[in-house]
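# Examination of the molecular architecture
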Amino acid sequence: MTEKIKILMIDDHPMIIEGYQNTLQFTKKEHQELFIDIANNCDEAISYMNKAISNEWLYDLLFVDISLPPSSDGSMSSGEDLAEYARKVLPDAKIIILTMFNESFRIHNIIKNIDPEGFLIKSDLTSNELASAFQAVLNNPPFYSGTVNSHIRKSITSDIVIDEKNRKILHLLSQGIKTKNLATHLDISLSAVEKRKKQLKELFSVEDGQDETLLSEARKKGFV
């Protein structure tokens, strides 16, 4: 019996989409028939989702790139926003996130906010990996690529627990943001930032008080 699978691929690089399509068509099972729509930005993706809902032929699977041009009305600034929207309007659809981002902060946020059935870092990606992810997500999710699994393992095995604001402090410091500017990014006072940095240095046993040492220790534990 033929299994009809409706897919929406969202990426702003047509050659990448073409590669995904070719891989899936070449490696699909004999009983699988794929129906693939392609969106190059948030507006096109929303239009396809709304059309699918009105036609009552919903998507089984979405491939979502995180780096996308924002929507024309400004309500969505990335694939992350789009995936969260898809979760609301297509609750039964499975989502595979694809991204170049490999920082722990971004991986953590995507897992926390979207909880995707598939999560692939593009630098890990091969045709075999994509084919495996596709079948695994359809039949036995989740499927995470090596970099994502490594992040999860480090986070789980670490006995250090930090809240979202402290995670963001580490992320911003790793991006080269100066301490004096952290307060505006976090919407807290400079003294609160200093207090949190002190806590972090104690948590990670930083004895020389240097931000570079803090970041180095946080990376080892999978927090940056």
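Our structure is the block above this text.
Residues numbered from 1 in each chain as written. Predicted model: local features only at pLDDT ≥ 70, side-chain atom pairs only at ≥ 80, totals over all residues. Heavy atoms only, no water.

### So, the overall build of the protein chain
The test is simple: Secondary structure follows DSSP: runs of H or I at least 4 residues long count as helices, runs of E at least 2 residues long count as strands, and numbering of each begins at the N terminus. A simple rule labels every residue: compare its accessible area, found with a 1.4 Å probe on the protein chains alone, to the largest value its type can have, and call it buried under 20%, exposed over 50%, or partly exposed in between. It only takes one pair of heavy atoms within 4.5 Å for two residues to be counted as in contact. Methods summary: accessible areas were calculated by the Shrake-Rupley approach with a probe of 1.4 Å, and residue burial reflects only the protein chains presented. A positive count includes Lys and Arg, and a negative count includes Asp and Glu. His and the chain ends are not counted in either. Charge positions come from single atoms, namely NZ of Lys, CZ of Arg, CG of Asp or CD of Glu.
From N to C terminus, the protein chain includes 10 helices and 6 strands. C-alpha atoms of the protein chain, sized along the principal axes, occupy 65 × 35 × 30 Å. Looking at the protein chain as a whole, 44% of its 224 residues are labelled buried. Restricting to contacts in the protein chain with at least 6 residues of sequence separation, those with at least 24 account for 65%. Roughly 11,800 Å² of accessible area belongs to the protein chain as shown, and the carbon and sulfur atoms make up 48% of that amount. Within the protein chain, the 33 negative side-chain charges are centred at a point lying 6 Å from the centre of the 26 positive side-chain charges.

### Some thoughts on the packing of aromatic side chains
This is how it is decided: Only centres within 6.5 Å qualify two rings of Phe, Tyr or Trp (six-membered ring in Trp) as a pair; their planes then separate them into stacked at under 30 degrees, edge-to-face at over 60, and tilted for everything else. To sit over a ring, a charge needs its Lys NZ or Arg CZ within 6 Å of the ring centre and within 35 degrees of the ring normal.
As enumerated under the stated definition, the model contains 3 aromatic pairs in all. Here Phe119 and Tyr144 contribute two aromatic rings whose centre-to-centre distance is 6.3 Å and whose plane-to-plane angle is 90°, an arrangement assigned as edge-to-face. Taken together, the positions of Phe119 in strand β5 (residues 118–121) and Tyr144 in strand β6 (residues 143–144) put the pair 25 residues apart, joining distant regions of the chain. Each member of the pair, Phe119 together with Tyr144, is buried. Lys6 extends its terminal NZ or CZ atom over the ring of Tyr59, reaching a point 4.5 Å from the ring centre.

### Let's talk about the sheet that holds β6
Test applied: Two strands make a pair as long as DSSP finds a minimum of two bridges between them. A fitted line through C-alpha atoms serves as each axis, taken over the contacting stretch for helices, and the angle formed by two N-to-C directions is quoted from 0 to 180°.
Pairing within the open sheet is parallel, and its 6 strands lie in the order β2-β1-β3-β4-β5-β6. The strands lining the two open edges of the sheet, one partner per strand, are β2 (32–39) and β6. Taken together, the 5 bridges between strand β3 (residues 61–65) and strand β4 (residues 94–99) define a ladder with parallel strand orientation. Note that in β4 the partner of Val64 across the bridge is Ile97. Helix-sheet contacts for helix α4 (residues 104–114) involve β4 and β5, and the interaxial angle to β5 is about 160°.

### Details of the pattern of salt bridges
Working definition: two side chains of opposite charge can pair if their charged atoms are close together. We apply this condition: The term salt bridge refers to a pairing of a side-chain nitrogen on Lys or Arg with a carboxyl oxygen on Asp or Glu at a separation within 4 Å.
Within the structure shown, the criterion is met by 8 salt bridges. One salt bridge connects Asp11 with Lys122, and the closest N-O pair in it is separated by 3.0 Å. You can see Asp11 sitting in the loop between β1 (3–10) and α1 (14–27) and its partner Lys122 sitting in the loop between β5 and α5 (127–139), a full 111 residues away along the chain. By the burial criterion, Asp11 is buried, and Lys122 matches it. Note that Glu117 is salt-bridged to Arg87, the shortest N-O span being 2.9 Å. Taken together, the residues Glu117 in the loop between α4 and β5 and Arg87 in helix α3 (residues 79–89) connect sequence positions 30 residues apart. The exposure class of Arg87 is partly exposed, given its relative accessible area of 22%.

### Remarks on the environment of Gly222
Tracing the sequence through the fold places Gly222 in the segment after α10 (211–220). For the pair formed by Gly222 and Glu103, sequence separation is 119 residues and the distance between their alpha carbons is 9.1 Å.

### Remarks on the packing of α4 against helix α7 (residues 164–174)
Defined as follows: Polar here means any residue other than Ala, Val, Leu, Ile, Met, Phe, Trp, Tyr, Cys and Pro, which are nonpolar, and Asp, Glu, Lys and Arg, which are charged; Gly is therefore polar.
Running from amino to carboxyl end, α4 crosses α7 at an angle of 145°, the nearest separation of the two axes being 10 Å. Counting all contacts with α4, which are made through Phe105, His108, Asn109 and Lys112, the residues of α7 involved are Glu164, Arg167, Lys168 and His171. Looking at side-chain class alone, the contact of α4 with α7 contains 1 nonpolar, 3 polar and 4 charged residues.

### Quick notes on α1
Put simply, the rule is: Helix span, as expected, comes to 1.5 Å for every residue beyond the first. Here the arc refers to the set of directions running from the helix axis out to each C-beta atom.
With 14 residues, α1 extends 20 Å from end C-alpha to end C-alpha; this agrees with the ideal 20 Å at 1.5 Å per step. Burial in α1 covers these residues: Ile17, Tyr20, Thr23 and Leu24. Down the axis of α1, the smallest arc covering the buried residues is 130°, so these residues share one side. Across α1 from its buried face, at more than 90 degrees, point the exposed residues Pro14, Met15 and Phe26. On the buried face of α1, the contacting elements are β1, β2, β3, β4 and α5.

### Examining α10
Among the residues making up α10, those that are buried are Leu214, Leu215 and Ala218. The arc that holds the buried residues of α10, viewed along the axis, is 95°, so those residues lie on one side. Looking at α10, the residues exposed on the side facing more than 90 degrees away from the buried face are Glu212 and Lys220. Among the structural elements, α7 and α9 (190–203) are those in contact with the buried residues of α10.

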